[in-house]
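# Topology and contacts: notes
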Amino acid sequence: GFVLPTAFGLVWYREPLRIPAGIAVGLMAVSLILSAPPASSGARRSLYPAFGAMVCSGAVGILQKIFRNSADAGEASSFLLLSFLLLAVLAGICGRVPHFGRIGTLLAGFIGCCTGVTNRLNLFLSGVLPSILFFPAVNGGCVLLTGVLSAGLLHERLTHRQMLGIGVGVAALACAAL
């Protein structure tokens, strides 16, 4: 999800390519490849939908970058509100609407509010930080954090390759900060 908006920022907005950031992007790509499920697992079938999600995530990053650099950048709340309403309509058309109990509804509302705040922050940062720094750190960092949390909270067993991938990803984030 970070390759498309990073390349877009470099090409369209002619953002400078710093050597440590370029190395970080390469390391992050290696990290994500190493962190993928082993070929012998049934999880490889999920790579096609994951690739589709990655492309869509990249497209969202491009839209964020374009919006933050447009004359309408001050209308971020309206932009996000319309985006979330469109997403809710599409989810209602394309999928089942889940039914929660009282606690589930409160939890879903809390998570929705956190997602809104996070998206507002991402929308702001996508316009003020260089693409080569922001998108690999945010999108790649989320993948790494998901791997760490799945091992820590859900007790999933990571292979040595996946642990190496997480280590390379941490090194990539450190390199991007240089």
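Residues numbered from 1 in each chain as written. Predicted model: local features only at pLDDT ≥ 70, side-chain atom pairs only at ≥ 80, totals over all residues. Heavy atoms only, no water.

## Observations regarding the environment of Phe100
Summarising the element assignment, Phe100 is placed in the loop between α4 (76–94) and α5 (102–128). Every residue in contact with Phe100, bar those within four places of it in the chain, is listed here: Thr105 and Ala108. (Helix = DSSP H or I, 4+ residues; strand = E, 2+ residues; numbered from the N terminus. Contact = heavy atoms within 4.5 Å.)

## Observations concerning the packing of α4 against α5
Interaxial distance between α4 and α5 falls to 11 Å at its minimum, and their mutual angle equals 130°. Accordingly, the angle class assigned to the pair α4 and α5 is oblique. In the crossing of α4 with α5, the sense of the turn from one axis to the other is right-handed. Along the contact surface, α4 presents Ala76, Ser77, Phe79, Leu80 and Phe84, while α5 presents Thr115, Gly116, Asn119, Arg120 and Leu123. (Axes fitted to C-alpha atoms, helices over the stretch in contact; angles between N-to-C directions. Parallel < 35°, antiparallel > 145°, perpendicular 65-115°, else oblique. Left-handed = near helix turned anticlockwise from the far one by under 90°.)

## Section: the nonpolar core
Of all hydrophobic cores here, the largest spans 10 residues; its members are Phe2, Ala21, Val25, Met28, Ile132, Phe134, Phe135, Leu144, Ile166 and Ala172. Looking at this core, the elements with two or more residues in it are α2 (19–35), α6 (131–153) and α7 (160–176). Once residues within four sequence positions are removed from consideration, Phe135 is found in contact with Phe2, Pro5, Thr6, Gly61, Gln64, Lys65, Ser126 and Gly140. (Core = buried A, V, L, I, M, F, W, Y, C linked by side-chain atoms within 4.5 Å. Buried < 20%, exposed > 50% of the residue type's maximum accessible area, 1.4 Å probe, protein only.)

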